[in-house]
Amino acid sequence: MTPKKMRTGILFLAPAMLFYCFFVVFSIARVIYYSFFKWNGLNFPQFVGVSNYVRLVNDQTVLAAFRNNLIAIAMALIIQIGIALILTISLSNCKFGARFFRTVYFVPAVISGVAVAMMFGQAMNPDYGLINTSLRLIGLGTLARPWLSNSNTAIYAALLPQTLQYIGWNVIILVAGIYNIPDSLYEAAYLDGVSNLQKTWYITLPLLWEVIQICIISAITGSLQGFTHVMVLTGGGPNSATELVGLLMYHRTFQWLQFGYGSSISVGIFLVGLLFSVLFKRYFSSDKIEY
Amino acid sequence: MQKFQKAILVLLSVLLVSVISFSNGSCKDKITLRLAYIYTGGHAKAPIYEPYIKEFSKLNPDINLSLEPMNGGTPDVQAKLYTYAAGDNLPDVFISWPGPGMLKNFVDAQKIADLKDYLAQDKLFKKYFQNKEYFFDGSVRFEKNGPIWGIPDEPYYMFLTVNKKLFAQAGVQIPKTYEDLKNIIPKFRAKGIIPIAMAGKDQDLNVCFWFGMLNRFGTDQEIIKGLTTGDMEKAPAYLRSAKAIYQLAGLKAFPEGCVSMQSQEALTLFDQGKAAMYYGGTWYLGNVSPKTAAGCEVVPLWTFADGKGDPKELLGGVAVEYLVSAKSWKENSRRQAVDKLLHYLINPTLYSKYLELGTPSILNLSYTDKTSPLLIKADKLAKSATRMQQNYDAYGSQQANDALNNLSQGLLNRSITPEEAVKQLSEQAKAGAAN
């Protein structure tokens, strides 16, 4: 690349990079900076060294919230990506209406999370909600319960909307990946008398693995940042049973006015997300498979 | 030469546009004030308040009033106000909840104006609050003869509102004691009636209920000390009241799933005749439709045999007040505009309309034939009270208030024992005081 071309490239990138640096990089740097201070957002910050981080690792509510995030990750990996894979493979075998179904699956992903959460909140109402009413109608009334008020079921109920909403998002990504698999491989497999299940297991999944990794990392980081649905449905209750680390960070920062401690929670979320991604890439990624 | 002519043309255009923009006298002299308020959305006062404040700019052409409705529960609105304050961007005038717990951060950071001299010198406000200075104490004034950080907007008192029809249907009497209450709960349930409307999501009905019980067991000094220092071992009121809530939850006194309900939802149950009673403040009277209100009574909360026992003691005081941003107050022109706005907001014209909703007036206005009958009953109850005590969350830190909310949810769904709840509350209150 000639110096002139490089200069032109930099010039075109500069506005976006400046914007990114100012609103993202600088903001992250400030959060890291404030995590070493005790600050209520109104008075002058007071330097406290690493005491916010010491408090973070000893805070039982943070550990409990992190456990809830792990549940969110598990639900995302099993339900979200699992269902997305099944739908993707079905779509790839679908001769008619594939485009229509792709759109239908994707539509929930573009609806506001608040709207989705409110809808599920109504569906989970113990008296007139769709779920309990349906259970009573089919004679399973004993299974009806206050899903969001019961400390044992609340976390799963509160995480379900966000898990289901983004299935379509993963479908779109996986479909793009599946269309990159050459048809010749399936034709050869067909000629060899391979069953559909074997085709999926030996051809589709291995060749789709790189794309699945993207979905997994995206699901992990998304689950660590989970906030909207739980905030609307339960606000973190009952008695912090549905508290997530993102929600905890919001409460500590904006309701308790502990900006320094809230910043340390944000840094913690970032580091955990980074760790998950690095470990996953290291231990679960494999060389690109080619046939 | 052509380039030079083009440059002159551009320069003249820019000058022309600038002259036109700045030649408009009203643009230069008009002050924009920001008013942040909570009477919006589903709030009972919204249909009266919002059209009223929209008229202000028409009546005062030199002031452009920018309205900022604040929706959500107390913690959400508070978070919004604190975020404004952190960004040094507080609205010129805004509504907040009272008490040192709520206002201390604003006061320490010098974000809100001291209105003591203003209230002493303004003829109208002096008249309005003559002999009613007790409203300032503990709400917007924290020391004797000290600064006054806001102007009370609405008083409140808390009591039990009961639906007499449902009581008659269940064949029971209005409970005067806790034992009475325990006896009538199964009778309500047998008739498919929810005994007590309750909600646990938005830190209102559930926390107020706990306060009501606390008030029945302990002195205000020990309760406030417990909440501000975490020293609850010397305040057995906390454990006793927690046990009462836990026991009532076990007896199915509350709606199923109440922990995830908003207060408005719980009050809808009461208004629809599905719940027999609720314990809350006068701010909820507007949510009771006239048809339901006609068959309701307001009574003091039940007493406990081993409690303080005075049924005439009420929780009450100032519900909300108007605060003024210190930044606005310092600037003379803005101060004058704020003065006009405050007089417009704290006004018999507006407050007389609230009487129909059941909102008591800070200005002691006379009732009309449109005044809510529930309010008349509530006022009577308040006047006969031996004393009134501000709700305890006015004193606690945000951390302590949050803990009250969380732990009351735990007691309501019985996921935590009363002993554990009080232990955690004590720890959180201590940590809140330290932080």
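Residues numbered from 1 in each chain as written. Chains lettered and ligands numbered in written order. Predicted model: local features only at pLDDT ≥ 70, side-chain atom pairs only at ≥ 80, totals over all residues. Heavy atoms only, no water.

Enquirer: Now, about the overall build of chain A: what can you tell me, with residues and values included?
Expert: A tally of regular secondary structure across chain A gives 13 helices and 2 strands. Principal-axis analysis of the C-alpha atoms places the extent of chain A at approximately 75 × 75 × 30 Å. Here chain A holds 291 residues, and the buried ones make up 42% of them. The long-range fraction of contacts in chain A, counting pairs at least 24 apart against all pairs at least 6 apart in sequence, stands at 66%. Put simply, chain A shows about 16,400 Å² of open surface, and 70% of that area lies on carbon and sulfur atoms. (Helix = DSSP H or I, 4+ residues; strand = E, 2+ residues; numbered from the N terminus. Buried < 20%, exposed > 50% of the residue type's maximum accessible area, 1.4 Å probe, protein only. Contact = heavy atoms within 4.5 Å. Areas by Shrake-Rupley, 256 points an atom, 1.4 Å probe, with all protein chains shown as cover.)

Enquirer: I'd like a rundown of the overall build of chain B, residues and numbers included.
Expert: Summing up its helical and strand segments, chain B has 20 helices and 9 strands in all. The principal-axis extents of the C-alpha atoms in chain B amount to approximately 100 × 50 × 50 Å. Residues counted as buried form 57% of the 435 residues belonging to chain B. Restricting to contacts in chain B with at least 6 residues of sequence separation, those with at least 24 account for 75%.

Enquirer: Just give me the short version of the interface of chain A and chain B, but keep the residues and values in it.
Expert: Think of interface size as the accessible area that goes away when the parts come together; that is how it is often given. Each side of the interface is counted separately: chain A has 30 residues, and chain B has 32 residues. Counting the surface chain A buries against chain B, the share from its top three residues, A:Leu42, A:Asn239 and A:Trp256, is 27%. Put simply, chain A and chain B have 0 salt bridges between them. Counting across the interface, chain A meets chain B through 10 residue pairs in polar contact (both at pLDDT 80 or more). At the level of elements, helix H11 (228-233) and helix H12 (245-255) of chain A are the ones that each hand at least two residues to the side of chain A that touches chain B. Here the residues of the side of chain A that touches chain B are counted per class, giving 14 nonpolar, 14 polar and 2 charged. (Buried area = accessible area lost by both parts, 1.4 Å probe. Salt bridge = Lys/Arg side-chain N within 4 Å of Asp/Glu carboxyl O. Polar contact = N/O pair within 3.5 Å; in protein donor to acceptor, adjacent residues only side chain to side chain. Nonpolar A, V, L, I, M, F, W, Y, C, P; charged D, E, K, R; others polar.)

Enquirer: Tell me about the domain arrangement of chain B, and name the residues and values.
Expert: Residue and element names in this part refer to chain B. When cut into domains, chain B gives domain 1 (31-155 + 319-373) and domain 2 (157-316 + 375-434). Domain 1 and domain 2 are separated by 28 Å when their C-alpha centres are compared. With 22 residues of domain 1 at the interface, the matching set in domain 2 holds 20 residues. Summed over both sides, the interface between domain 1 and domain 2 buries roughly 1,800 Å², with carbon and sulfur atoms accounting for 55% of that surface. For the domain 1 face of the interface with domain 2, the top three residues by lost area are Pro-360, Tyr-367 and Pro-373, together amounting to 27%. For the pair domain 1 and domain 2, the interface holds 0 salt bridges. (Domains from an automatic or database assignment.)

Enquirer: Lay out the packing of aromatic side chains in plain terms, naming residues and giving numbers.
Expert: For the coordinates displayed, the defined rule picks out 39 aromatic pairs over all chains. Centre to centre, the rings of A:Phe19 and A:Phe23 are 4.6 Å apart; their planes meet at 45°, and the pair counts as tilted. Of this pair, A:Phe19 and A:Phe23 both sit in helix H1 (residues 3-34), separated by 4 residues, roughly a single helical turn. Taking the centre distance of 4.6 Å and the plane angle of 20° together, the rings of A:Tyr34 and A:Trp39 count as stacked. Three or more aromatic residues joined by ring pairs make a cluster, and in this case those are A:Tyr33, A:Tyr34, A:Phe37, A:Trp39, A:Phe47, A:Phe227, A:Tyr250, A:Phe254 and A:Phe259. Lying across the ring of A:Trp147, A:Arg145 places its NZ or CZ 5.9 Å from the centre. The ring centre of B:Tyr246 lies 4.1 Å from the NZ or CZ of B:Arg414, which sits over that ring. (Phe/Tyr/Trp six-rings, centres within 6.5 Å; stacked < 30°, edge-to-face > 60°. Lys NZ or Arg CZ within 6 Å of the ring centre and 35° of its normal.)

Enquirer: Give me the lowdown on the side chain of B:Asn405, citing residues and values where you can.
Expert: Residues and elements named next belong to chain B. Topologically, Asn-405 is positioned in helix H19 (residues 398-412). Residue class for Asn-405 comes out buried when judged on its relative accessible area of 6%. Leaving out residues up to four positions away in the same chain, Asn-405 has contacts with Gly-200, Lys-201, Gln-203, Asn-206 and Val-207.

Enquirer: Tell me about the packing of helix H9 (residues 178-190) of chain B against helix H12 (residues 237-250) of chain B, and please be specific about residues and values.
Expert: Two measures define how a pair of helices packs: the angle their axes make with one another and the distance between the axes. Residues and elements named next belong to chain B. At a minimum axis separation of 11 Å, H9 and H12 run at an interaxial angle of 15°. Relative to H12, the element H9 is oriented roughly parallel. Crossing handedness for the pair H9 and H12: right-handed. Two secondary-structure elements touch here, H9 through Tyr-178, Leu-181, Lys-182 and Ile-185 and H12 through Ala-244, Gln-247 and Leu-248. The residue inventory of the contact of H9 with H12, partitioned by class, reads 5 nonpolar, 1 polar and 1 charged. (Axes fitted to C-alpha atoms, helices over the stretch in contact; angles between N-to-C directions. Parallel < 35°, antiparallel > 145°, perpendicular 65-115°, else oblique. Left-handed = near helix turned anticlockwise from the far one by under 90°.)

Enquirer: Any chance you could break down unusual backbone geometry for me, citing the residues and the numbers?
Expert: All names here are of chain A. Cis peptide bonds are those with omega within 30 degrees of zero, and the linkage from Gly-237 to Pro-238 qualifies with 0°. Following the sequence through the fold, Pro-238 ends up in the loop between H11 and H12. Despite not being glycine, Asn-239 shows a phi value in the positive range, around 55°. You can see Asn-239 is positioned in the loop between H11 and H12. For Asn-239, a relative accessible area of 17% corresponds to the buried category.

Enquirer: Tell me about helix H20 (residues 418-434) of chain B, and name the residues and values.
Expert: Between its first and last C-alpha, H20(B) extends 24 Å over 17 residues, near the 24 Å set by a 1.5 Å rise per residue. Where H20(B) is buried, its residues touch helix H10 (205-217), helix H11 (220-229), H12 and H19 of chain B. (Expected span 1.5 Å × (residues − 1).)

Enquirer: Outline empty space enclosed by the protein, supporting the account with residue identities and numerical values.
Expert: Applying the stated rule across the entire model yields 3 cavities of 30 Å³ or more. Roughly 60 Å³ of internal volume is contained in the largest cavity. Forming the walls of the largest cavity are A:Gln255, A:Trp256, B:Pro75, B:Gln78, B:Tyr82, B:Gln203, B:Gln398, B:Asn401 and B:Asp402. The residue inventory of the lining of the largest cavity, partitioned by class, reads 3 nonpolar, 5 polar and 1 charged. Taken domain by domain, the lining of the largest cavity gets at least three of its residues from each of domain 1 (31-155 + 319-373) and domain 2 (157-316 + 375-434) of chain B. Considered as a void within the structure, the second largest cavity measures approximately 50 Å³ in volume. Surrounding the second largest cavity, B:Met158, B:Gly212, B:Asn215, B:Arg216, B:Tyr279, B:Leu301, B:Glu313, B:Leu314 and B:Leu315 form its lining. Put simply, the parts of the chain that give the lining of the second largest cavity at least two residues each are H10 and strand S8 (313-324) of chain B. (1 Å grid on protein atoms, 1.4 Å probe; cavity = no way out; pocket = protein on both sides within 12 Å on 5 of 7 lines; lining within 4 Å. Points joined across faces, edges and corners; volume = space filled by probe spheres on them.)

Enquirer: Account for a nonpolar patch on the surface, with residues named and values stated.
Expert: A cluster of nonpolar side chains, B:Phe4, B:Ile8, B:Leu11, B:Leu12 and B:Leu15, forms an exposed patch at the surface whose accessible area comes to about 500 Å². Its location among the elements puts B:Ile8 in helix H1 (residues 2-23). (Patch = residues over 30% accessible without salt bridge, like charges linked within 9 Å, V, L, I, M, F, W, Y side chains within 5 Å.)

Enquirer: How would you sum up the environment of B:Phe304? Please name residues and give values.
Expert: Residues and elements named next belong to chain B. Counting through the fold element by element, Phe-304 comes out in the loop between strand S7 (296-299) and S8. You can call Phe-304 buried: its relative accessible area is 6%. In this structure the C-alpha to C-alpha distance between Phe-304 and Ser-260, which are 44 residues apart in sequence, comes to 28 Å. If we skip the residues at most four places from it in the chain, Phe-304 touches Tyr-178, Met-213, Arg-216, Phe-217 and Ala-244.

Enquirer: Explain the pairing of strand S6 (residues 275-281) of chain B to me, and be specific about the residues and the numbers.
Expert: Residues and elements named next belong to chain B. In terms of burial, S6 is largely enclosed, as 7 of its 7 residues are buried. Across 5 bridges, strand S4 (residues 151-163) lies against S6 in antiparallel orientation. By the bridge assignment for S6, Thr-161 is matched with Tyr-278. (Pairing = 2+ DSSP bridges.)

Enquirer: Mind laying out the pattern of salt bridges, listing which residues take part and the relevant values?
Expert: All names here are of chain B. A complete count under the given rule lists 22 salt bridges over all chains for this structure. With a shortest N-O distance of 2.5 Å, Glu-68 and Arg-34 are connected by a salt bridge. Separated by 34 residues along the polypeptide, Glu-68 in strand S2 (residues 63-69) and Arg-34 in strand S1 (residues 31-37) bring together distant segments of the chain. The residue Asp-108 makes a salt bridge to Lys-104 at a minimum N-O spacing of 2.7 Å. Residue Asp-108 and its partner Lys-104 are located together in helix H5 (residues 100-108), separated by 4 residues, close to a single helical turn. Members of the salt-bridge network, linked through shared partners, are Asp-220, Lys-308, Glu-313 and Arg-387.

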